[in-house]
Number of protein chains: 2
Amino acid sequence: MEKENLDPWGTSSVKDYGRLQSEFGIEPVAPLLPRFKRPSPHLSRGIDFGQRDLSRILDAVDNNKPYAVMSGIKPTGDFHLGTKMTADDMVYFQSLSKKGTVFYAIADVEAYADNGLSFNETSKIATKNVADILALGLDPDRAVVYFQSEEMKVMRLATIFSRGVTNNMLRAIYGERQIGLYMAALIQAGDILMPQLKEFGGPRPVLVPVGADQDPHIRLTRDLAARYHEEYGFIVPSAVYHRLMLSLSGDQKMSKRSEDSLLTLDDSVSAASRKVLNAFTGGRDTEEEQRRLGARADICPVYDLYRFHFARDDAHVETVYHECTTGIRLCGECKQEAAGLVKSFLQEHHRKRDSMMKDAKELIDRSRDYLGSRGSQ
Amino acid sequence: MEKENLDPWGTSSVKDYGRLQSEFGIEPVAPLLPRFKRPSPHLSRGIDFGQRDLSRILDAVDNNKPYAVMSGIKPTGDFHLGTKMTADDMVYFQSLSKKGTVFYAIADVEAYADNGLSFNETSKIATKNVADILALGLDPDRAVVYFQSEEMKVMRLATIFSRGVTNNMLRAIYGERQIGLYMAALIQAGDILMPQLKEFGGPRPVLVPVGADQDPHIRLTRDLAARYHEEYGFIVPSAVYHRLMLSLSGDQKMSKRSEDSLLTLDDSVSAASRKVLNAFTGGRDTEEEQRRLGARADICPVYDLYRFHFARDDAHVETVYHECTTGIRLCGECKQEAAGLVKSFLQEHHRKRDSMMKDAKELIDRSRDYLGSRGSQ
């Protein structure tokens, strides 16, 4: 069977997570679970299902050694429930040890190149995005936030890597793409490997929490880390993969590209409620049928709201799943409950985030000074 | 007939300059010659044979409007007689008006990516390269020198352009290449268009003096300037093309890639003499034959030394050509004379350059301050 390429730029969800393990070599997370003292909801609920070299991060935690958690965002709009998942992972893996530092890349050059957003516009959006992460629990004292447009070290790495890859390598990983996307991929590799430059203390384990569809970037970067190991001492970066959340219409992953069925962290409580109540579900055609057969939680974005974000705890997820699939719970009441949870979350989140805009600006300024003082190679 | 691509990264010389005009649309320089008050030796000797929109620069000169002259170098070694040609053109076109500013890019990221030279090493080489240009007559008060590794504006443009080109466009211009070369081409387009950004005063005519084999970069950049005209107001850049000098072995263009047959501006007088005396020539097999048929100046790198660089004046070039092709002059004596001219030039150049190392450092520092004050967009 021919290998199908994952599309990190697409809107499709991933159908078969098992295939990712067998074909692309992503390892399961489960065997490592006993090493976590307090597994996150993503871990305990099987949302973080896969990993590469995650044990390297756990070793650093156990041995009180420094490690980094790296992620980024294209600042084109509000945080949504898809980006929140990566943020939750960042926050959690940062919290495992005082030696964990987050590097957060704001891809403003990409936002400009692809979406025509000026650096002024993206700067405002990014500040709000950073406030979102702080509200989700990021420790600003161990975080570095940078704008792609200001970080020459990343662009240098991308240029260097562009001489080290062949078109065939890129095609094997991404399929035939326009050069702009290949270049974006090389810049991302620069983002992921930058924390290991000597200016930042040299090689250390780096964890990248990503959606499963981003694995091509991880494979490329791991390959580059190995190729440039001799020169830079790069440790091959680790990754943890989360399942992709369904959009509210149930037909693709939740992303900025499917706005109608997107819940953002900036939605008003009323807009969010309306969206939840209008969502696609895994329900049956009639009540009678649903009572008899149960509904299909596995294709239901409302169930995803519970499981991925808003359930009070793991037992709550199990209850919802059980009641749904055995026909005890009908979709109307289930949506009502979900809408209530979303509402509580958003009210609290908006309050927290608004109070953290100043901290976000400070984190960005402090990071700018820190990166500036790291100067050029 | 299928179009053959020019290879800006190759070692071949250009065989048929007429073809460049008919196939690629390079215009002849000759019709514009009357507009030059004091044509340079490159112009009067037909070395600068082609141009695109050169009249736009002459208009700026005539109307006392600002224009820029843009070029660059990969700082991997000493200036040689090939790079000197571009430098001579830069100096000449800067001198046409007090409103002419030179932008000079030092491609240190490329030097690192391709040649493994550290930024420290390239910084030293670049300073010497800049001293070479100053010794050749560059006015430092109207020049900006920058290192690629420090100039985020160029990288931003390259990233933006990477989204605006298709692989097909790049293939049509360069043939099928590895992504690293495509990326280098987009960075060069960024270099050429940067002087027109609003930070530097906004759109103005820019002249790029290049060897004929670099035309693909010019075509790409002109295409991008037109594509991004609406957003940036770019004026499509102008170019002037010089013939490629033969290497001393006569079989390819003079470049760093054919070191044995390269004359550098750092060669000792004795090494340079030895190289000239050992050069390939267009001479005949026997003296008798040469006296009878004349020698072939058109394939002779020693004749190129006179014509491109070291003849006292145009009349001297004509004398050498006439004596050579009619058999009056034999190769031995011709080489001796050439070696003497090279020797005088190098002695004088070394003296000047050594006295200008401090000015070179100052120009680089002053440029760094100037560019830094232009900040980010």
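Quantities reported herein were computed from a predicted structural model and do not represent experimental measurements.

A. Highlighting the pairing of strand S7 (residues 238-242) of chain A. Residues and elements named next belong to chain A. Among the five residues that make up S7, five are buried, leaving the element largely enclosed by the rest of the structure. Where burial is concerned, the two faces of S7 agree: the one with Ser238, Val240 and His242 and the one with Ala239 and Tyr241 are both buried. Across five bridges, the pairing between strand S6 (residues 206-211) and S7 is parallel. Bridging across to S7, valine 210 finds its partner in tyrosine 241.

B. Focus on the sheet that holds strand S5 (residues 143-147) of chain B. All names here are of chain B. The seven strands lie next to each other as S1-S2-S7-S6-S3-S4-S5, forming an open sheet whose pairing is mixed. Strand pairing shows two members of the sheet lacking a second neighbour, strand S1 (27-28) and S5, which therefore form its edges. Inspection of the sheet shows strand S3 (residues 67-73) paired to strand S4 (residues 100-106) by seven bridges, in the parallel sense. Within S4, the residue paired with glycine 72 across the bridge is alanine 105.

C. Quick look at helix H16 (residues 331-355) of chain A. All names here are of chain A. Helix length check: H16, at 25 residues, gives a terminal C-alpha distance of 36 Å against a target of 36 Å (1.5 Å per residue), a fit within 8%. Where H16 is concerned, the buried positions are Cys334, Lys335, Ala338, Ala339, Leu341, Val342, Phe345, Leu346, His349, His350 and Arg353. In this fold, the buried residues of H16 make contact with helix H4 (81-95), helix H6 (119-136), helix H12 (269-277), helix H14 (301-310), helix H15 (314-325) and helix H17 (357-373).

D. Fine view of unusual backbone geometry. Residues and elements named next belong to chain B. Positive phi values are uncommon outside glycine, yet aspartate 53 reaches one of about 50°. Its location among the elements puts aspartate 53 in the loop between strand S2 (48-52) and helix H3 (54-62). One non-glycine residue with positive phi stands out, namely asparagine 64, at about 60°. When you line up the elements, asparagine 64 lands in the loop between H3 and S3.

E. Representation of the interface of chain B and chain A within the structure. At the junction of the two partners, chain B supplies 36 residues and chain A supplies 36 residues. Carbon and sulfur atoms make up 61% of the area that chain B and chain A hide from each other, which totals about 3,200 Å². Taken as a group, B:Arg163, B:Ile179 and B:Met183 account for 23% of the area that chain B buries against chain A, more than any other trio of residues on that side. Summed over the shared surface of chain B and chain A, the number is four salt bridges. Residues B:Arg163 and A:Asp114 are paired through a salt bridge, measuring 2.5 Å at the closest nitrogen-oxygen approach. Scanning the region where chain B abuts chain A turns up 20 residue pairs in polar contact (both at pLDDT 80 or more). Going through the elements one at a time, helix H5 (108-115), helix H7 (152-164), helix H8 (167-174), helix H9 (179-193) and helix H11 (229-232) of chain B are the ones with two or more residues in the side of chain B that touches chain A. Among the elements that line the side of chain B that touches chain A, the one with the most residues is H7(B), at eight residues. Here the side of chain B that touches chain A is built from residues that sort into 17 nonpolar, nine polar and ten charged.

F. View of the relation of the copies chain B and chain A. Rotating chain B by 180° and moving it 0.0 Å along the rotation axis overlays it on chain A with an RMSD of 0.0 Å. Such a combination of turn and shift is consistent with a two-fold rotation axis. For chain B, the residue whose C-alpha comes nearest the rotation axis is B:Met152, separated from it by 3.0 Å. With an isologous cut-off of 70% or more, the 100% of interface residues of chain B that recur at the interface of chain A puts this contact in the isologous class.

G. Representation of the nonpolar core in the model. One finds A:Phe161, A:Leu220, B:Phe161 and B:Leu220 to be the most contacted residues of the largest nonpolar core, which totals 114 residues. Residues within four places of A:Leu220 in sequence aside, it is in contact with A:Val165, A:Met169, A:Leu170, A:Ile173, A:Tyr174, A:Ala185 and A:Leu186. In this structure, A:Ile47, A:Leu58, A:Val276 and A:Leu305 belong to the second largest nonpolar core, which totals 68 residues.

H. Representation of the pattern of salt bridges within the structure. Taken as a whole, this structure holds 58 salt bridges over all chains when the rule is applied. A salt bridge links A:Asp62 to A:Arg35, with the shortest nitrogen-to-oxygen separation between them at 2.8 Å. Note that A:Asp62 is positioned in helix H3 (residues 54-62) and A:Arg35 in the loop between strand S1 (27-28) and helix H2 (41-44), a separation of 27 residues in sequence. On the accessibility criterion, A:Arg35 (34% relative accessible area) is partly exposed. One salt bridge in this structure joins B:Asp139 and B:Arg142, with 3.5 Å as the shortest N-O distance. Judged by its relative accessible area of 14%, B:Arg142 is buried. Because the salt bridges share partners, they merge into one network encompassing A:Asp78, A:Lys128, A:Asp132, A:Asp266, A:Arg353 and A:Asp354.

What counts, and where the lines are drawn
Residues numbered from 1 in each chain as written. Chains lettered and ligands numbered in written order. Predicted model: local features only at pLDDT ≥ 70, side-chain atom pairs only at ≥ 80, totals over all residues. Heavy atoms only, no water. Buried < 20%, exposed > 50% of the residue type's maximum accessible area, 1.4 Å probe, protein only. Helix = DSSP H or I, 4+ residues; strand = E, 2+ residues; numbered from the N terminus. Pairing = 2+ DSSP bridges. Expected span 1.5 Å × (residues − 1). Contact = heavy atoms within 4.5 Å. Buried area = accessible area lost by both parts, 1.4 Å probe. Salt bridge = Lys/Arg side-chain N within 4 Å of Asp/Glu carboxyl O. Polar contact = N/O pair within 3.5 Å; in protein donor to acceptor, adjacent residues only side chain to side chain. Nonpolar A, V, L, I, M, F, W, Y, C, P; charged D, E, K, R; others polar. Least-squares fit on C-alpha atoms with pLDDT ≥ 70 in both. Core = buried A, V, L, I, M, F, W, Y, C linked by side-chain atoms within 4.5 Å.

Function cannot be read off these values alone, since they describe shape.
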